[in-house]
Amino acid sequence: MSEPALILVADDDRTIRRNLVRLLQSEGYRTSEAADGLEALASIRNEPPTAVLLDLKMPGRDGLDVLRELGPALSDLPVIVVTAFGGSAAAIEAMRQGAYDYLSKPFDLDEVLLILKRALHQRSLAAEVRSLRAEVDVDETGEGPDDEPQMVGQSPPMRDVYKAIGRAAATDEPVLIVGESGTGKELVASALHTHSRRGEGPFVRVNCGALPDGLIESELFGHERGAFTGADRQRPGRFERAAGGTIFLDEVGELPQAAQAKLLRVLQRREFERVGGTETLKTDARVVSATHRDLPKDVAAGRFREDLFYRLNVIRIAIPPLRERPEDITPLAEHILRQLERKYGWVSLSLTPKASEKIRANPWPGNVRQLENYLARAAIAARGRPILPEHLEVDEPGTSLAVETSETEESLPLRALLAEVERRAIQRALLACEGNRTKAAGRLGISRRQLFDKIREYDLHP
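### Notes on the packing of aromatic side chains
Then, in step 1: Applying the stated criterion across every chain, the model contains 7 aromatic pairs.
Then, in step 2: Centroid distance F221 to F272: 5.7 Å. Interplanar angle 35 degrees. Geometry classified as tilted. With F221 in helix α8 (residues 213-221) and F272 in strand β9 (residues 271-273), this pair connects stretches of sequence that are 51 residues apart.
Then, in step 3: Note on F272: relative accessible area 4%, which makes it buried.
Then, in step 4: An aromatic cluster of three or more residues is present, and its members are F221, F239 and F272.

Structure representation (structure tokens):
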């Protein structure tokens, strides 16, 4: 029979310390004590605990100093910090430093046991994950040569995509990649370039939908000095920069008619002029384009040139949406988590079986991009440890929120993103419980006092 978990209680208030020790011992835990930060660090070194209850305000070295000293060890040692003010800057900093969770004084004893139980459960799962990886000697990189991003999925539809890429890579003909938003069209284009004879050349990306109409021709074909106001020097365009390689025209269906006509000439004659120039330049860049639009319908409506469509659509690669290849969802999720591990230095991020089951049950209308954003939020909620089903309540997949906020969230620093995730989760719980704070706290797995602190901190009005 395994030995009970050892919990270190570090608090300079002797009464609080003794009450916590008695509570923990009554639940079958072993305990150790520390009255300040120096004692806490010494205790951790001498007899490493399974978890720590750590007061932030202590003489000598405070709780934040202890967290900074522990550093990477926090990935395997859950530390629950205790603070007198739930919304204080110190509590936020403690979470940023790697604390598992925090409690506000005066705290509810049942809440202490609940958070501790969760922390120990995640610690156990994390240890199991590391053990299994060591046994099977898993390649943690998930990347190809020179960190080339890899396409993930072995479903029949994805195998057809791989075959199509292989056939197209053997030629220099234009390729049109079609598929819904978020399916990974740029990844297909990159793989096509890498495996072609042009793989050593440049891979130049152009988002046609993000360029203002007045700048598209200058971006694609370059301009001469004095061609327009602000053109104070000659500037090569994307086609020139893609010489010997591949130019990827993402969202090509968004090109205005004038740019469509010039692109058609490039495909027909392999030549163009810079804006404001008279010299005819040659290009040998391979053209790979992509769109989520129904181009044949746009052709019929007169929005897209028919002759250009046929020039671009010599080879067509269709990427299936995620709902049509559900067997790829779990491998994709694991691949995304490995990327997050490398990005943030986490070592035990994984999906528990129930969390994996919940993810597979969703249709993912935003496809792989939505899955990436959703898992990033869940991983932050799980503090880089195994993801439990409750961490997946951060943002329900299938809502417009998960897709529409992706660009904003990607630009947020980790601390701000964590706060935004927490604010949204609380707001959604209050809405679901029709403003009943007791029910909302239960839904979120926190105490009513913690919920009140958070409502004040985020100025929420259910």
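### With respect to the sheet that holds strand β5 (residues 101-104)
Then, in step 1: Reading across from one edge, β2-β1-β3-β4-β5 is the order of the 5 strands in this open sheet, with parallel pairing throughout. Of all strands in the sheet, those with a lone pairing partner are β2 (30-34) and β5, marking the two edges. Averaged over all pairs of adjacent strands, the angle between strand axes in this sheet comes to 20 degrees, irrespective of strand direction.
Then, in step 2: In this structure, strand β1 (residues 6-10) lies alongside β2, joined through 5 bridges in parallel fashion. Within β2, the position partnered with I7 by the bridge is T31.

### Description of the nonpolar core
One recurring pattern in soluble globular proteins is that nonpolar side chains are buried together.
Then, in step 1: Core analysis: the biggest nonpolar cluster contains 30 residues, and F239, L249 and L263 have the highest contact counts within it.
Then, in step 2: Mapped by element, the contributors of at least two residues to this core are β6 (175-178), β7 (203-207), α8, β8 (246-250), α10 (257-269), α11 (295-300) and α12 (306-312).
Then, in step 3: No other element matches α10, which puts 5 residues into this core.
Then, in step 4: Leave out the neighbours within four places in its chain, and L249 touches V206, C208, L220, L263, V287, V288, S289 and A290.

### Here we look at the pattern of salt bridges
Then, in step 1: Under the criterion given, the structure shown has 27 salt bridges.
Then, in step 2: Of the charged contacts in the structure, one is a salt bridge between D298 and R293, with a shortest N-O distance of 2.7 Å.
Then, in step 3: Overall, the relative accessible area of 29% leaves R293 in the partly exposed class.
Then, in step 4: The residue E341 makes a salt bridge to R338 at a minimum N-O spacing of 2.9 Å. One end of the pair, E341, and the other, R338, are both in helix α13 (residues 329-344), 3 residues apart, so they sit about a helical turn from each other.
Then, in step 5: Using a relative accessible area of 6% as the deciding quantity, one classes E341 as buried.
Then, in step 6: What you see here is one network of salt bridges that share partners, running through E254, R293, D298 and R303.

### Quick notes on helix α14 (residues 353-360)
In an α-helix there are 3.6 residues to a turn, and that puts residues three or four apart on one side.
Then, in step 1: Among all positions in α14, only A355, S356 and I359 are buried. Viewed end-on, α14 has its buried residues packed into an arc of 100 degrees, placing them on one side of the element. Along α14, the residues that are exposed and aim more than 90 degrees away from the buried face are P353, K354 and E357.
Then, in step 2: Elements in contact with the buried residues of α14: α13 and α15 (367-381).

### Some details on unusual backbone geometry
Then, in step 1: With phi around 55 degrees, W364 is a residue other than glycine that occupies positive phi space.
Then, in step 2: Mapping W364 onto the fold places it in the loop between α14 and α15.
Then, in step 3: Its identity is not glycine, yet N367 carries a phi of approximately 60 degrees, on the positive side.
Then, in step 4: With respect to the helices, strands and loops of the structure, N367 is situated in helix α15.

About the criteria used
- Here the residue numbers are simple positions, counted from 1 along each chain's written sequence.
- Under the rules for a predicted model, residues below a pLDDT of 70 receive no local features and side-chain atom pairs below 80 are neither given nor counted, while totals for whole chains, interfaces and linings still include all residues.
- Each side-chain value is derived from all of the structure's non-hydrogen atoms; neither hydrogens nor water enter the calculation.
- Paired rings are identified among Phe, Tyr and Trp, the last through its six-membered ring, by centres lying within 6.5 Å, and are further divided according to the angle between planes into stacked (under 30 degrees), edge-to-face (over 60) and tilted (the rest).
- Each helix corresponds to a stretch of at least 4 residues labelled H or I by DSSP, and each strand to a stretch of at least 2 residues labelled E; elements are numbered beginning at the N terminus.
- Classification of residues uses two cut-offs on accessible area relative to the type maximum, computed with a 1.4 Å probe and protein chains only: under 20% is buried, over 50% is exposed, and between them is partly exposed.
- We call two strands paired when DSSP finds no fewer than two bridges between them.
- To define axes, lines are fitted to C-alpha atoms, for helices over the stretch in contact only, and angles between the resulting N-to-C directions are given on a 0 to 180 degree scale.
- Throughout, nonpolar core names a set of buried Ala, Val, Leu, Ile, Met, Phe, Trp, Tyr and Cys residues whose side chains join them through atoms within 4.5 Å.
- Contacts are residue-level and defined by heavy atoms, with any inter-residue pair within 4.5 Å sufficient.
- One speaks of a salt bridge when a side-chain nitrogen belonging to Lys or Arg is within 4 Å of a carboxyl oxygen belonging to Asp or Glu.
- Note: the arc covers the axis-to-C-beta directions of the helix.

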